[in-house]
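# Descriptive analysis of the structure
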Amino acid sequence: MDLDWITSKQASEKWGISERRVQYLCANSQVDGVVKLGLGWLIPKDTPKPVDGRTKAAREASLKKSD
């Protein structure tokens, strides 16, 4: 059976970041299509990793978008 959702732990392994960072991104609406289920998060399987806004490259990309 193929499910369309992954957990925050699975997303952390897929995206190469900590599970706590995935939870933070979900809680702050930075992951598209995320659903809170009890104490955990369900993330659509095909959702790409959000851009890390803490990096210089992400800030520069954000400035280019607003122009």
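This text follows the structure it describes.
Below you will find a few notes about this structure. Every value quoted in this text rests on a predicted model; they were computed, and no experiment measured them.

## Looking at the environment of aspartate 52
Counting through the fold element by element, aspartate 52 comes out in the loop between strand S3 (40-44) and helix H3 (56-66). By relative accessible area, aspartate 52 is classed as partly exposed at 24%. As a C-alpha pair, aspartate 52 and leucine 25 span 27 residues in sequence and 9.5 Å in three-dimensional space. Ignoring any residue separated from it by four or fewer positions in sequence, one finds aspartate 52 in contact with Arg21 and Ala58.

## A closer look at unusual backbone geometry
Despite not being glycine, serine 29 has its phi angle at roughly 55°, a positive value. Secondary-structure assignment places serine 29 in the loop between helix H2 (19-27) and strand S2 (35-37).

## Some thoughts on the pattern of salt bridges
Across all of its chains, the model carries two salt bridges by this definition. Aspartate 52 is paired through a salt bridge with arginine 21; the nearest N and O atoms lie 3.5 Å apart. Pair noted here: aspartate 52 is in the loop between S3 and H3 and arginine 21 is in helix H2, with a separation of 31 residues, a long-range link. Among the ionic pairs, arginine 54 bridges to aspartate 52, the shortest N-O distance being 2.9 Å.

Calculation criteria
- Residues numbered from 1 in each chain as written.
- Predicted model: local features only at pLDDT ≥ 70, side-chain atom pairs only at ≥ 80, totals over all residues.
- Heavy atoms only, no water.
- Helix = DSSP H or I, 4+ residues; strand = E, 2+ residues; numbered from the N terminus.
- Buried < 20%, exposed > 50% of the residue type's maximum accessible area, 1.4 Å probe, protein only.
- Contact = heavy atoms within 4.5 Å.
- Salt bridge = Lys/Arg side-chain N within 4 Å of Asp/Glu carboxyl O.

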